[in-house]
Amino acid sequence: VQLQASGGGLVQAGGSLRLSCAASGRTFSNYAMGWFRQAPGKGREFVAATSGSGGSTYYADSVQGRFTISRDNAKKTVYLQMNSLKPEDAAVYYCASDWEARRCTQYASRYDYWGQGTLVTVSS
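These remarks concern the structure in this document.

Cut-offs used in this document
What you see as residue numbers is a count from 1 along each chain, following the sequence as written. Restriction of local features to residues with pLDDT of at least 70 applies here, the model being predicted, together with a cutoff of 80 or more for giving and counting side-chain atom pairs; totals for whole chains, interfaces and linings are based on all residues. To obtain the side-chain values, all non-hydrogen atoms of the structure were used and water was disregarded. In this text, helices come from DSSP runs of H or I with a minimum length of four residues, and strands from runs of E with a minimum of two, each type numbered from the N-terminal end. C-alpha atoms define the radius of gyration in this analysis, and the globule rule sets the expected value at 2.2 Å times the number of residues to the power 0.38. Burial classification: accessible surface area is computed with a 1.4 Å probe over protein chains only, and a residue below 20% of its type maximum counts as buried, one above 50% as exposed, and the rest as partly exposed. The salt bridge definition used is simple: a Lys or Arg side-chain nitrogen within 4 Å of an Asp or Glu carboxyl oxygen. Centres within 6.5 Å are what make two rings of Phe, Tyr or Trp a pair, Trp counting through its six-membered ring; a difference in plane orientation under 30 degrees is then read as stacked, over 60 as edge-to-face, and the rest as tilted.

1. Here we look at the overall build of the protein chain
- Looking only at helices and strands, one finds zero helices and 11 strands in the protein chain.
- The C-alpha radius of gyration computed for the protein chain amounts to 13 Å, which stays within 12% of the reference 14 Å derived for 124 residues, consistent with globular compactness.
- Here the C-alpha coordinates of the protein chain stretch approximately 40 × 25 × 25 Å along the principal axes.
- Each of the 124 residues in the protein chain was classed as buried or not, and the buried ones make up 44%.

This is the structure we're talking about:
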């Protein structure tokens, strides 16, 4: 499977961005999807996850209430709507797939395929 993330860019604090991650190669609804991020000099951090059906979602405390993960299985795409962005949200954002469709996990080791990342920059 291949994952292609897009939608990153430069935004002012308080602004919004929507990231997309397009998948190819497998029946998209058969696996859960997650978003992670990595800021310069820091480790990879879980952001949000959604089950294969989209019926379950899970968020990091740091983004709860500001970010929304969603998916369109017909388009084989998962989205991350990011509102009220803060400078500390700046990072490279990665999407990843998890073969267990019902799982919604924050553990990066559970994800088997990763996209290339898209850069989000937030100016203060």
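From this point, things continue past the structure.
2. Comments concerning the pattern of salt bridges
- Applying the stated criterion across every chain, the model contains five salt bridges.
- In this structure, the salt-bridge partner of Glu 45 is Arg 37, at a minimum N-O distance of 2.8 Å.
- Classification of Glu 45 by relative accessible area gives partly exposed; the value is 32%.
- Since its relative accessible area comes to 5%, Arg 37 is described here as buried.
- In this structure, Glu 100 engages Arg 102 in a salt bridge whose closest nitrogen and oxygen atoms are separated by 3.4 Å.
- In the salt-bridge network here, residues are joined through shared partners; they are Arg 37, Glu 45, Arg 66 and Asp 89.

3. A few points about unusual backbone geometry
- A positive phi angle, near 55°, is found at Lys 76, a position not held by glycine.
- Looking at where Lys 76 falls in the secondary structure, it is placed in the loop between strand E7 (67–72) and strand E8 (77–82).
- Exposure remark for Lys 76: the relative accessible area of 30% places this residue in the partly exposed category.
- One non-glycine residue with positive phi stands out, namely Ser 84, at about 50°.
- Here Ser 84 lies in the loop between E8 and strand E9 (91–98).
- Of the residues examined, Ser 84 reaches a relative accessible area of 39% and is grouped as partly exposed.

4. Examining the packing of aromatic side chains
- One pass over the full model with this rule turns up six aromatic pairs.
- Pairing Phe 36 with Trp 114 gives two aromatic rings, centres 5.0 Å apart and planes at 55°, and the pair type is tilted. Here the residue Phe 36 occupies a position in strand E4 (residues 32–38), and Trp 114 occupies one in strand E10 (residues 113–114), the gap between them amounting to 78 residues.
- Note on Phe 36: relative accessible area 1%, which makes it buried.
- Among the aromatic side chains, those forming a connected cluster through ring pairs are Phe 36, Phe 46, Tyr 58, Tyr 111 and Trp 114.

Geometric descriptors of this kind do not, in isolation, establish any biological role.
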